[in-house]
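This is what each chain is made of:
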Amino acid sequence: MAPVPLPTAPPTRDLRRLAATGGLLLAVTGIYLLAGRLGLMQQVVIGGARVTPLWPPTGIALACLLLFGLRVWPGIALGAFLVIASGGTPRWGSIGIVAGNTLAPVAAYLMLRRVGFRTELDRLRDGTALVFLGAFAAMLISATVGAAVLGLSGSLPDGGFWPTWSAWWAGDAMGVLVVTPLLLALRTVRLPDDPGPFDFAEPALLLAGTATVTVIATHTKLSVLFLVFPFLIWAALRFQLPGAAPCVAVVSVLTIAAATRHAGPFAEHGLVADMVVLQALNACAALTGLLLSAIVAEQRNTHRRLEQACVELAEVVRRLAPDRPGDWLPPGDGFQ
């Protein structure tokens with residue numbers, strides 16, 4: 001009888017891959033939990049449920065999926081569970097909320113992959129895909145599942161389903177529109193080879209101006225929130241997504257802080273009206289920065305490709321052209 005070979009130890013490369021995957025999942029879980037704890041600080045009560053105007057973990061989850069692939073979904077699910085557990089003892093219905101909060105970014109990732117989404121966000125089609133598929137369509141899953149779980153568990157009063165559903169959907173969608181482009185933009189930032197003091201002056205002035213104007217607009221009862229849009233346009237035209245995404249995040253955070261305190265232009269209306277105005281402003285700001293930067297980047301890439309094509313064509317002509325112009329002409333013809 002032949003001896004049975006003993007099982008061999010897994011290769012070192014496989015162990016390193018497993019360790020790297022485990023570390024990645026732990027990092028995703030930790031970042032999701034931290035973002036969730038920060039998001040819970042801006043909760044408001046709508047329809048009898050506590051919801052957030054902007055839920056950062058959803059944007060973080062989608063960005064992680066786009067950057068690292070589908071293998072990070074267990075870290076997203078664990079992070080979602082820990083966020084719920086950090087607020088108290090989880091109930092059986094919490095499993096449904098965790099499932100919805102996990103399935104929504106996974107569905108967004110799968111739909112974006114289906115249409116050939118590029119994380120550089122340098123084409124208009126990528127920007128519109130992130131808006132309509134990643135934010136508006138996929139986040140219907142988490143909002144529907146979450147509101148249904150709360151309704152079936154008796155946590156919502158009569159008539160509270162649709163207000164909760166709409167606020168949940170808007171918060172998750174804004175998380176995608178604000179946070180995901182910001183994280184994806186970090187991969188495209190390129191510092192100058194020999195940076196000088198003036199290379200950072202314009203971005204710093206732009207970010208400071210955006211913050212200053214937003215603070216002023218949210219501390220006066222006048223409806224002047226539109227003053228932030230020139231800065232968003234400036235950022236998108238000059239720096240594309242790496243410039244527009246931070247400015248959009250600054251505008252969103254400062255306006256959410258003002259809305260939750262009922263300060264400035266949010267002081268004269270009820271909570272529901274404040275949330276409508278807030279989400280309309282944040283959505284317009286995010287769409288302006290995201291889509292305009294994508295349009296500018298696509299135009300510049302097209303111009304760069306045309307220049308390269310012209311250079312290559314000129315090189316081909318130079319190689320094929322004869323040394324003397326007369327060589328192009330048939331015998332008997334020529335310039336007199």
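All figures in this text were calculated on a predicted structure; none of them were measured in a lab. (Residues numbered from 1 in each chain as written. Predicted model: local features only at pLDDT ≥ 70, side-chain atom pairs only at ≥ 80, totals over all residues. Heavy atoms only, no water.)

Novice: Can you help me understand the overall build of the chain in this one?
Specialist: Helix and strand counts for the chain come out as ten helices and two strands. Going from N to C terminus, the chain has its helices and strands arranged as α-β-β-α-α-α-α-α-α-α-α-α. Counting the 336 residues in the chain, one finds 41% classified as buried. In the chain, once contacts between residues fewer than 6 apart in sequence are set aside, the share between residues at least 24 apart is 75%. (Helix = DSSP H or I, 4+ residues; strand = E, 2+ residues; numbered from the N terminus. Buried < 20%, exposed > 50% of the residue type's maximum accessible area, 1.4 Å probe, protein only. Contact = heavy atoms within 4.5 Å.)

Novice: Explanation requested: empty space enclosed by the protein in the structure shown.
Specialist: Over the atoms rolls a probe the size of a water molecule, and its path tells where empty space is left. Throughout the structure, instances matching the rule amount to one cavity of 30 Å³ or more. Empty space within the largest cavity amounts to approximately 50 Å³. Surrounding the largest cavity, Leu177, Val178, Pro181, Leu241, Ala244, Ala245, Val248, Ala249, Ala286, Gly289 and Leu290 form its lining. Of all the secondary-structure elements, those providing two or more residues to the lining of the largest cavity are helix H7 (161-185), helix H9 (229-260) and helix H10 (271-320). Grouping the amino acids of the lining of the largest cavity by side-chain chemistry returns ten nonpolar, one polar and no charged. (1 Å grid on protein atoms, 1.4 Å probe; cavity = no way out; pocket = protein on both sides within 12 Å on 5 of 7 lines; lining within 4 Å. Points joined across faces, edges and corners; volume = space filled by probe spheres on them. Nonpolar A, V, L, I, M, F, W, Y, C, P; charged D, E, K, R; others polar.)

Novice: Teacher, can you tell me more about the environment of Gly243 here?
Specialist: Relative to the elements of secondary structure, Gly243 occurs in helix H9. For Gly243, a relative accessible area of 10% corresponds to the buried category. Between the C-alpha atoms of Gly243 and Leu182, which are 61 residues apart in sequence, the distance is 9.3 Å.

Novice: I keep staring at the packing of H9 against H10 and nothing clicks. Help me out?
Specialist: If you want to describe how two helices pack, look at the angle between their axes and the distance between the axes. Between H9 and H10, whose axes approach to 9 Å, the crossing angle comes to 165 degrees. If you check the angle between H9 and H10, you find them roughly antiparallel. The hand of the H9/H10 crossing is left-handed. Residue composition of the contact of H9 with H10, by class: 21 nonpolar, seven polar and two charged. (Axes fitted to C-alpha atoms, helices over the stretch in contact; angles between N-to-C directions. Parallel < 35°, antiparallel > 145°, perpendicular 65-115°, else oblique. Left-handed = near helix turned anticlockwise from the far one by under 90°.)

Novice: Quick question: what am I supposed to make of helix H1 (residues 12-40) here?
Specialist: Since there are 3.6 residues in each turn of an α-helix, residues three or four apart along the chain are aligned in direction. For H1, built from 29 residues, the straight-helix expectation of 42 Å at 1.5 Å per residue is met to within 8% by its first-to-last C-alpha distance of 42 Å. In the core, the buried residues of H1 are packed alongside helix H2 (56-68), helix H3 (73-86) and helix H4 (93-114). (Expected span 1.5 Å × (residues − 1).)

Novice: Looking at this structure, how should I read the side chain of Ser142?
Specialist: Take Ser142: it is sitting in helix H6 (residues 139-152). One polar contact links the side chain of Ser142 to the main-chain carbonyl oxygen of Met139, over a distance of 3.2 Å. Excluding its chain neighbours within four sequence positions, the residues that come into contact with Ser142 are Gly100, Asn101, Ala104, Trp168 and Asp172. (Polar contact = N/O pair within 3.5 Å; in protein donor to acceptor, adjacent residues only side chain to side chain.)

Novice: Looking at this model, I keep getting lost on unusual backbone geometry. Mind explaining?
Specialist: Phi is mostly negative for residues that are not glycine, and the peptide bonds are mostly trans. Located in the positive-phi region is Leu121, a residue other than glycine, with phi close to 50 degrees. By secondary structure assignment, the location of Leu121 is in the loop between H4 and helix H5 (124-137). On the basis of relative accessible area, Leu121 is assigned to the buried category, the value being 2%.

Novice: Can you help me understand the packing of aromatic side chains in this one?
Specialist: One pair of aromatic rings is described through two measures. These are the centre distance and the angle between the planes. Under the defined criterion, the tally for this structure stands at six aromatic pairs. Considering the side-chain rings of Trp162 and Trp165, the 5.6 Å spacing of their centres and the 75 degrees angle between planes classify their relative orientation as edge-to-face. A residue pair is termed a helical-turn pair when its members lie 3 or 4 positions apart in one helix, as Trp162 and Trp165 do in helix H7 at three residues. Site record: aromatic cluster; members linked through ring pairs are Phe132, Phe136, Phe161, Trp162, Trp165 and Trp169. Note that Arg238 overlies the ring of Phe239, its terminal NZ or CZ placed 5.3 Å from the centroid. (Phe/Tyr/Trp six-rings, centres within 6.5 Å; stacked < 30°, edge-to-face > 60°. Lys NZ or Arg CZ within 6 Å of the ring centre and 35° of its normal.)

Novice: What is the right way to look at the pattern of salt bridges in this model?
Specialist: Pairing between side chains becomes possible if they bear opposite charge and their charged atoms approach one another. What the rule picks out here adds up to six salt bridges. Residue Arg118 is joined to Asp122 by a salt bridge in which the shortest nitrogen-to-oxygen separation is 2.7 Å. Of the charged contacts in the structure, one is a salt bridge between Arg318 and Glu315, with a shortest N-O distance of 2.7 Å. Of this pair, Arg318 and Glu315 both sit in helix H10, separated by three residues, roughly a single helical turn. When salt bridges with common partners are traced through the structure, they connect Arg118, Glu120 and Asp122 into a single cluster. (Salt bridge = Lys/Arg side-chain N within 4 Å of Asp/Glu carboxyl O.)

Novice: Honestly, the environment of Tyr32 in this entry has me stumped. Any pointers?
Specialist: Checked against the element boundaries, Tyr32 lands in helix H1. Residues Tyr32 and Ile60, spaced 28 residues apart in sequence, show a C-alpha to C-alpha distance of 6.9 Å. Not counting residues within four places of it along the chain, the set of residues in contact with Tyr32 comprises Trp55, Pro57, Ala61, Ile76, Gly79, Ala80, Val83 and Asn101.

Novice: Would you take a moment to explain the nonpolar core for this structure?
Specialist: Most often, soluble globular proteins have nonpolar side chains that are buried together. Core analysis: the biggest nonpolar cluster contains 69 residues, and Leu62, Phe117 and Leu130 have the highest contact counts within it. The biggest single contributor to this core is H9, with 13 residues. Discounting chain neighbours no more than four positions away, the residues touching Leu62 are Pro105, Ala108, Tyr109, Leu112, Leu130, Val176 and Thr180. Counting eight residues, the second-largest nonpolar core is a separate cluster that includes Ala143, Ala147, Leu156 and Trp168. (Core = buried A, V, L, I, M, F, W, Y, C linked by side-chain atoms within 4.5 Å.)

Novice: Explanation requested: a nonpolar patch on the surface in the structure shown.
Specialist: The grouping of Leu34, Leu38 and Met41 at the surface amounts to a nonpolar patch, some 360 Å² of accessible area in total. If you trace the backbone, Met41 turns up in the loop between H1 and strand S1 (44-46). You can call Met41 exposed: its relative accessible area is 67%. (Patch = residues over 30% accessible without salt bridge, like charges linked within 9 Å, V, L, I, M, F, W, Y side chains within 5 Å. Areas by Shrake-Rupley, 256 points an atom, 1.4 Å probe, with all protein chains shown as cover.)

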